[in-house]
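Structural overview
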Protein chains: 2
Amino acid sequence: MLTLVIYDITDDELRNKVADFLKLKGLKRIQKSAFLGDLTYSERVNLEAGIRHLIKDAKANVQIYPLTPASYSQRIVIGVELSYEDEEYLV
Amino acid sequence: MLTLVIYDITDDELRNKVADFLKLKGLKRIQKSAFLGDLTYSERVNLEAGIRHLIKDAKANVQIYPLTPASYSQRIVIGVELSYEDEEYLV
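Note that the structure is predicted; figures quoted are calculated from it, not measured. (Residues numbered from 1 in each chain as written. Chains lettered and ligands numbered in written order. Predicted model: local features only at pLDDT ≥ 70, side-chain atom pairs only at ≥ 80, totals over all residues. Heavy atoms only, no water.)

Attention now moves to the pattern of salt bridges. All names here are of chain B. Counting across every chain of the model gives 6 salt bridges over all chains. Among the ionic pairs, K23 bridges to D20, the shortest N-O distance being 3.9 Å. Of the two residues, K23 and D20 are both situated in helix α1 (residues 12-24); the distance of 3 residues between them amounts to about one turn of the helix. Looking at K23, the relative accessible area reads 29%, which means it is partly exposed. Take D20: its relative accessible area is 43%, and that puts it in the partly exposed class. (Salt bridge = Lys/Arg side-chain N within 4 Å of Asp/Glu carboxyl O. Helix = DSSP H or I, 4+ residues; strand = E, 2+ residues; numbered from the N terminus. Buried < 20%, exposed > 50% of the residue type's maximum accessible area, 1.4 Å probe, protein only.)

Put into structure tokens, the structure is as follows:
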């Protein structure tokens, strides 16, 4: 299932860890703090567990949304594609 | 329809303008760079036009996703509820 993950994480190191974890799980960065991927049910359960393990009691908020194909195809993208990989190296 | 708006906007002033616009349109902040609201079709068209007008050629990326009620009810929220209003006053 299509899965959108958006996050707000105050600590730089933890934020990068979560981003690396999401990449490792095959999700693709669509914004600085948003990833999207097509996961099986068990992959999504695994993803949630991994994020909970990383976040623990940190000042962080992560939200995971299952998306229907229609929701994805009807999405509207405004503006330019920002280069997120570059920004990561700056951190 | 439930509508999720996520954004990546480099310029502080423009980012605040977009956040204010989304609030004005009745969306609720769910993360620092994410808003959610229940809009009619025409409200969503209007929202899109307003965002395009604000963004113009700025270094920004805004994505609007229509969500089904099932997508919303199945969302997973991990972590704490951060205080976004406070952060705005800090900018």
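Superposing chain A onto chain B takes a rotation of 180 degrees plus a shift of 0.0 Å along the axis, which leaves an RMSD of 0.0 Å. The relationship between the two copies is best expressed as a two-fold rotation axis. Distance from the rotation axis, computed per C-alpha, reaches its smallest value in chain A at L67 of chain A: 3.5 Å. A high fraction, 100%, of the interface residues of chain A reappear at the interface in chain B, so the copies pair face to face through one surface. (Least-squares fit on C-alpha atoms with pLDDT ≥ 70 in both. Contact = heavy atoms within 4.5 Å.)

Another point: the sheet that holds strand β1 (residues 2-9) of chain A. Within the open sheet, the 5 strands sit side by side as β2(A)-β3(A)-β1(A)-β4(A)-β5(B). Their pairing is antiparallel. Across the chains shown, the open sheet's two edge strands, defined by having one partner strand only, are β2 (28-31) of chain A together with β5 (76-79) of chain B. Strand-to-strand twist of the sheet, defined as the mean angle between neighbouring strand axes without regard to direction, takes the value 25 degrees. Bridge count between β1 of chain A and strand β4 (residues 60-67) of chain A: 8 bridges; the pairing is antiparallel. Bridged to I6 of chain A within β4 of chain A is Q63 of chain A. Helix-sheet contacts for helix α1 (residues 12-24) of chain A involve β1, β2 and β3 (34-38) of chain A, and the interaxial angle to β1 of chain A is about 170 degrees. Of the strands in this sheet, β1, β3 and β4 of chain A together with β5 of chain B touch helix α2 (residues 41-55) of chain A, which is tilted by about 20 degrees from β5 of chain B. (Pairing = 2+ DSSP bridges. Axes fitted to C-alpha atoms, helices over the stretch in contact; angles between N-to-C directions.)

Each partner contributes to the interface: chain A provides 36 residues, whereas chain B provides 36 residues. Note on chain A versus chain B: buried area summed over both sides is about 3,400 Å², and carbon and sulfur give 55% of it. At the boundary of chain A with chain B, the tally comes to 0 salt bridges. Between the two partners, chain A and chain B, sit 24 residue pairs in polar contact (both at pLDDT 80 or more). (Buried area = accessible area lost by both parts, 1.4 Å probe. Polar contact = N/O pair within 3.5 Å; in protein donor to acceptor, adjacent residues only side chain to side chain.)

A few words now on the packing of α1 of chain A against α2 of chain A. Residue and element names in this part refer to chain A. Running from amino to carboxyl end, α1 crosses α2 at an angle of 165 degrees, the nearest separation of the two axes being 10 Å. Here α1 lies roughly antiparallel to α2, going by the angle between them. When you trace α1 past α2, the crossing you get is right-handed. Packed against α1, whose contacting residues are L14, K17, V18, F21 and L22, the element α2 presents N46, L47, G50, I51, L54 and I55 at the interface. Broken down by class, the residue content of the contact of α1 with α2 amounts to 8 nonpolar, 2 polar and 1 charged. (Parallel < 35°, antiparallel > 145°, perpendicular 65-115°, else oblique. Left-handed = near helix turned anticlockwise from the far one by under 90°. Nonpolar A, V, L, I, M, F, W, Y, C, P; charged D, E, K, R; others polar.)

A few words now on the sheet that holds strand β5 (residues 76-79) of chain A. The strand order β5(A)-β4(B)-β1(B)-β3(B)-β2(B) describes an open sheet built from 5 strands, whose pairing is antiparallel. Looking along the sheet, the strands with just one partner apiece sit at the ends: β5 of chain A together with β2 (28-31) of chain B. Taken over all neighbouring pairs, the strand axes of this sheet differ in orientation by 25 degrees on average, direction set aside. Where strand β1 (residues 2-9) of chain B and strand β3 (residues 34-38) of chain B come together, 5 bridges link them in antiparallel fashion. Note on β3 of chain B: the bridge partner recorded for V5 of chain B is F35 of chain B. Lying on the sheet, α1 of chain B is in contact with β1, β2 and β3 of chain B; it crosses β1 of chain B at an angle near 170 degrees. Of the strands in this sheet, β5 of chain A together with β1, β3 and β4 (60-67) of chain B are in contact with helix α2 (residues 41-55) of chain B, which crosses β5 of chain A at around 20 degrees.

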